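A structural walkthrough
Residue strings, one per chain:
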Amino acid sequence: MPYQSIRELANNLRTGQYSSEELTRNFLKRIANINPTLNAFISTTEEIALKQATDADKLLRSNESSNLLLGIPIAHKDIFCTNGVKTSCGSHMLDNFISPYDATVVEKLNRAGAVMLGKTNMDEFAMGSSNETSWYGAVQNPWDLTKVPGGSSGGSAAAVAAGLCIAATGTDTGGSIRQPASLCGITGLKPTYGRVSRFGMIAFASSLDQGGTLTRSVEDAAIMLQVMAGFDPKDSTSVEHPVPNYLDSLDADISGLRIGLPKEYFAANLDSGIADSVTAAIAEYQKLGAKVQDISLPHSNLVVPTYYVVAPAECSSNLARYDGVRFGHRCENPQDLMDLYQRSRSEGFGPEVKRRIMIGTYVLSAGYYDAYYLKAQQVRQLIAKDFEEAFAEVDVIMTPTSPTTAFRIGERMTDQVAMYLSDLYTIAAPLTGLPALSIPTSLVNGLPSGLQIMAKHFEEAKLLNVAHKLQQVTDWHTKMPPKSVIDM
Amino acid sequence: MSWETVIGLEIHAQLKTHSKIFSGAATTFGAEPNTQACIVDLGLPGVLPVLNNHAVVLAVRFGHAIQAKISKRSVFARKNYFYPDLPKGYQISQYEQPIVGTGQVKILLNDTSNKIIRITRAHLEEDAGKSLHEDYHGLTGIDLNRAGTPLLEIVSEPDLRSPQEASAYARKIHQIVQYLDICDGNMQEGSFRMDANVSIRPLGEPKLGTRTELKNLNSFRFLEKAIQFEVQRQVDLIESGGQVLQETRLYDPNQNITRPMRTKEEDYDYRYFPDPDLLPLEFDPEFINAAVADLPELPDVRCQRLQTAYKLSEYDADLLTSNRVLADYFEEVATICKNSKLAANWVMGELTAALNRNNLEISSSLVNAQALGELLLRIHDQTISGKIAKTVFDAMWQGKGNADQIIEAQGLHQVTDSNAIAQAVDQVIASCPTQVEQFRSGKDKVLGFLVGQVMKLTKGQANPKQVNELLRNKLR
């Protein structure tokens, strides 16, 4: 059951093989057994889940909804505001924050009848690539409990991989959906910037943040995106672009598909295991009739530095609201206003968040703005132009998702540069707003690795189609973590 | 040494929209604290701003009225600073690309000459909340009702040379926003607030002196007084060998002084950058044309029209057009009474005096324009004299009816019957032989006394002109 597809579960729910309540109780039990080890959830919402499940069962019995997500247990990254439920963003700062409203994504999934099991662990304010910056502690990778699950949507990725939920929401600012998906052997989709509403999704870097999905299969991702996508009048940066039926085009023929392999992403120092795994996947595409060609994205070396100016700049401003005045952590007995600000923020934020606030404050300061922030935004245009030119020649671009498989917990916490380079291949998509996903390829030394596919703006249907085709001819996405973990 | 004063003003006009600039919460003044602050205004985690299109339309209208360039593309920026009544830790404002570019207005100086004041820019931004320091026993209360209220910040060039010019300019802007009906102009409620940048320099020196910024000027009178004080302070400082510090100063109207708030060094680095939550505003000409299509007649044009159409002096026309409601009132009175000079004198005289006595705005006058017009028509058609009209006006003010009713009820018709007047004249001539003798011996002034006696006898109802003529004839 925990490893069935949404389509199978939906069928079984409708044929009465089990009820949503039974399904939900089963998952709640798995969470109770396995989560103490994995630490994938910050909170579980049993009461809400069971209520939603019994409501779903009523609708299932009356045959009133054909939505495939009706009665399906999912989890939300704890960055999405959920009415009446703690929404911590992985931070001590918001440990006491009970959101009085639902994010648009949450509202849409609720309306579709999905069942919320709980809120998943994450790097604090989504700043991290290992889930180790969470105030609630690191998350263990179900494939190897000594390893990180990736981040920042590490809790969602680990939960889906370990069968603690069928699907989970995530957010991606520099790779926060795709990199953990890759490290946990699942499918992670970051849609085009503006495809999914950001309303109620706690902001890290507003021009980069995009909500998306973590699922076992591409088909499940398509089912989730179908519900989540669309213009939201509450988010001015969401785009009024028609939402196609993603399931309809999943099986479309891809012979003649032009695949671009950017030479900068396959440099000599790429780990040979990762390279082989990606090469094997690309060979499958060639068998399916796709044409592969080398392309160049000349500004690739500027992607990481550009990101580490833009993202901290926006975060320094976005996180100013956590000041101890209206909500969130407030220090004991503030002596005066300055003391209230300083201690509330010093106590409420962890070291990585503070580091980025400081970098961001610096690059926006008078006298440095032009040299850093403005320059970074200009470079961003150059990076976007690289992709525009590449997409004139190819339909999709394929790269490894992460330069390495899951690394040891603690290994990179003292080496920030190594940590920042974890997102080497995933950062360009948020910087350019392009949609991208990661799907599992063959295991590398027993650990999952991923293939990243990027497409043009709003071509999620193409992306899902291309990725789905691979999952039809390979079984990499059906591999499961060790039984010792998932049968706990 | 003689000094030249250099002043530039920053005016914040609260735009008349029903809801806030980036949220759907209401903007009504005076509600219970924090009842008009929604999750967006509170800056809760995850919320996003959505621009109120009406605020944009109002800003475009203002730009058009000051002959400014409306930027085809403008950008919202975040102004970052910490303050308890600023929920997000930044204010959404505009920095590098404001919606309204350079424009200008004309002000009328005391010597009746005109001066053009250049406007640098006007941009849209959100207001902050209010910190309430009283009633909380050492704590500070925060009211976020005002947070997110749309403001248009109007920045002038340093073209103003005296407190009077500054005040005339501020009044002009106040007049324009009210004519456009984009701001209620209520200064007590903070709908129209002014900051002044003040510096001095030796007369003839092209370089600007170090400026101070005066905050908290919420009336035209305080604006003038604060600048007066500040100029003198700067002159005294420099003349005694000191230097003006670039700083922000607060005006204290109770003591009529300005005192330092923060120096340049203590000033915030606002770290402006384009707000990634809001798309740049991009206008096509059609949007701008639609926004300004039904623009009302503006004060300068109306002032000109009043001079030609009603044969008024520039001074009178300027005064009557100082406020749109007043100008409307005047025009209605003038049309009804068919005598524009009479209408102008009464509106600026009796009516204004009555309003001032009762501390009322023209919009809440106890005698409306139609009623005053009908009263003045009775002067114009000689039913009553100007003097009697004042009595009638007082009665109207007290709500005793319209002009005709009061004239009828109190029998105040002017006596134009020459026989009746002749009788009274004869009676006065008979009863005042001394004065009659004096007049006849060349003391022309005595005539006034004799006219007065006739008026007294007729209870003021005789036509004074007729009385005058009759007396002269009879005493010749």
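In case you missed it, the structure is sitting above this.
Because the structure is predicted, anything quoted here is derived from the model rather than measured.

For chain A, the helix and strand inventory stands at 16 helices and 11 strands. The C-alpha radius of gyration of chain A comes to 21 Å, within 12% of the 23 Å expected for a compact globule of 488 residues. With respect to the three principal axes, the spread of C-alpha positions in chain A is 65 × 50 × 45 Å. In chain A, the share of contacts with a sequence separation of at least 24, taken over all contacts with a separation of at least 6, comes to 76%. A total accessible area of about 16,400 Å² is found for chain A, and carbon and sulfur atoms account for 52% of it.

Before going further, it helps to examine the interface of chain B and chain A. Taken residue by residue, the interface counts 29 residues in chain B and 39 residues in chain A. Interface area, chain B with chain A, both sides summed: about 2,700 Å², of which 61% is carbon and sulfur. Contact with chain A buries surface across chain B, with Pro-45, Phe-82 and Arg-271 of chain B losing the most and accounting together for 23% of the total. If you look at where chain B meets chain A, you find one salt bridge.

Here we come to the packing of helix α4 (residues 104-112) of chain A against helix α7 (residues 218-228) of chain A. Two measures define how a pair of helices packs: the angle their axes make with one another and the distance between the axes. All names here are of chain A. Relative orientation of the contacting elements α4 and α7 amounts to 110°, with a least axis distance of 8 Å. Between α4 and α7, the angle is such that the two are roughly perpendicular. Our pair here, α4 against α7, has a crossing hand that is right-handed. Residues Val-105, Lys-108, Leu-109 and Ala-112 of α4 form the contact with α7, whose own contacting residues are Met-224, Val-227 and Met-228. Split into classes, the residues belonging to the contact of α4 with α7 amount to six nonpolar, no polar and one charged.

Now for the layout of surface pockets. Over the atoms rolls a probe the size of a water molecule, and its path tells where empty space is left. Residues and elements named next belong to chain B. The calculated volume of the second largest pocket comes to roughly 1,700 Å³. Along the walls of the second largest pocket sit 48 residues, with Arg-171, His-174, Phe-220, Ser-322 and Asn-323 positioned nearest its centre. Secondary structure elements with two or more residues in the lining of the second largest pocket: β5 (103-108), α2 (163-179), α3 (220-239), α5 (299-309), α6 (314-320), α7 (324-337) and α8 (340-357). No other element matches the nine residues that α2 contributes to the lining of the second largest pocket.

With that out of the way, let us pick up the environment of Ile-6 of chain A. All names here are of chain A. Mapped onto the elements of the fold, Ile-6 is located in helix α1 (residues 6-15). C-alpha of Ile-6 to C-alpha of Arg-216: the two residues are 210 residues apart in sequence and 9.4 Å apart in space. Leave out the neighbours within four places in its chain, and Ile-6 touches Leu-68, Leu-69, Ile-72, Ile-166, Asp-220 and Ile-223.

Turning to its location among the elements, Gln-438 of chain B is positioned in helix α13 (residues 433-440). Among all residues touching Gln-438 of chain B, those that are not within four sequence positions of it are Lys-443 and Val-446 of chain B.

Turning to empty space enclosed by the protein, a few remarks are in order. Enumeration over the complete set of coordinates arrives at four cavities of 30 Å³ or more. Empty space within the largest cavity amounts to approximately 160 Å³. Lining the largest cavity we find 19 residues, and of these Val-40, Asp-41, Lys-88, Ile-92 and Glu-126 of chain B sit closest to its centre. A per-class count over the lining of the largest cavity returns 11 nonpolar, two polar and six charged. As a volume, the second largest cavity reaches approximately 60 Å³. Contributing to the lining of the second largest cavity are Ala-203, Asn-318, Arg-321 and Tyr-322 of chain A together with Pro-45, Gly-46, Val-47, Leu-48 and Asp-277 of chain B. Tallied by class, residues from the lining of the second largest cavity come to five nonpolar, two polar and two charged.

Moving on to the pattern of salt bridges. Residues and elements named next belong to chain B. All chains considered together, the criterion is met by 53 salt bridges over all chains. Across the pair Arg-201 and Glu-4 runs a salt bridge whose closest N-O atoms are separated by 2.9 Å. Here Arg-201, found in strand β10 (residues 192-202), pairs with Glu-4, found in strand β1 (residues 3-14); they are 197 residues apart in sequence, far enough to count as distant. Judged by relative accessible area, which is 10%, Arg-201 ranks as buried. A relative accessible area of 19% places Glu-4 in the buried class. The shortest N-O distance in the salt bridge between Arg-78 and Asp-277 comes to 3.0 Å. Of this pair, Arg-78 sits in strand β3 (residues 76-80) while Asp-277 sits in the loop between β14 (273-274) and β15 (281-282), and the two are 199 residues apart along the sequence. Grouping residues by exposure puts Arg-78 and Asp-277 together as buried.

Once that is clear, we can look at α3 of chain B. Residues and elements named next belong to chain B. Taking 1.5 Å per residue, 20 residues should reach 28 Å; α3 reaches 28 Å between its end C-alpha atoms and fits that length. Among the structural elements, β1, α2, β10, β11 (212-217), β12 (247-252) and β13 (257-263) are those in contact with the buried residues of α3. Phi turns positive, to about 90°, at Gly-241, one or two residues after α3.

With that settled, the discussion passes to the sheet that holds β10 of chain B. Residue and element names in this part refer to chain B. Reading across from one edge, β5-β6-β9-β1-β10-β11-β12-β13 is the order of the eight strands in this open sheet, with mixed pairing throughout. Strands at the two margins of the open sheet, each flanked by one partner only, are β5 and β13. Put simply, the sheet's adjacent strands are angled 30° from each other on average, direction ignored. Bridge count for strand β6 (residues 114-126) against strand β9 (residues 150-156) is seven bridges, and the pairing is antiparallel. Bridge pairing links Leu-124 to Leu-152 in β9.

Before going further, it helps to spend a moment on the packing of aromatic side chains. Residue and element names in this part refer to chain A. Taken as a whole and judged by the stated rule, the model has 29 aromatic pairs over all chains. An angle of 75° between the planes, with centres 6.1 Å apart, marks the rings of Tyr-322 and Phe-327 as edge-to-face. Classification of Tyr-322 by relative accessible area gives buried; the value is 1%. For Phe-327, a relative accessible area of 10% gives the class buried.

Residue and element names in this part refer to chain B. Along the chain, Thr-383 turns up in the loop between α9 (369-380) and α10 (386-397). Judged by its relative accessible area of 18%, Thr-383 falls in the buried class. Within the structure, the side chain of Thr-383 is placed 2.5 Å from the side chain of Asp-381, a separation counted as a polar contact. Once you skip the residues sitting within four places of it in the chain, Thr-383 turns out to touch Arg-378, Leu-412, His-413 and Gln-414.

Basis of the calculations
Residues numbered from 1 in each chain as written. Chains lettered and ligands numbered in written order. Predicted model: local features only at pLDDT ≥ 70, side-chain atom pairs only at ≥ 80, totals over all residues. Heavy atoms only, no water. Helix = DSSP H or I, 4+ residues; strand = E, 2+ residues; numbered from the N terminus. Rg over C-alpha atoms; globule rule 2.2 N^0.38 Å. Contact = heavy atoms within 4.5 Å. Areas by Shrake-Rupley, 256 points an atom, 1.4 Å probe, with all protein chains shown as cover. Buried area = accessible area lost by both parts, 1.4 Å probe. Salt bridge = Lys/Arg side-chain N within 4 Å of Asp/Glu carboxyl O. Axes fitted to C-alpha atoms, helices over the stretch in contact; angles between N-to-C directions. Parallel < 35°, antiparallel > 145°, perpendicular 65-115°, else oblique. Left-handed = near helix turned anticlockwise from the far one by under 90°. Nonpolar A, V, L, I, M, F, W, Y, C, P; charged D, E, K, R; others polar. 1 Å grid on protein atoms, 1.4 Å probe; cavity = no way out; pocket = protein on both sides within 12 Å on 5 of 7 lines; lining within 4 Å. Points joined across faces, edges and corners; volume = space filled by probe spheres on them. Buried < 20%, exposed > 50% of the residue type's maximum accessible area, 1.4 Å probe, protein only. Expected span 1.5 Å × (residues − 1). Pairing = 2+ DSSP bridges. Phe/Tyr/Trp six-rings, centres within 6.5 Å; stacked < 30°, edge-to-face > 60°. Polar contact = N/O pair within 3.5 Å; in protein donor to acceptor, adjacent residues only side chain to side chain.

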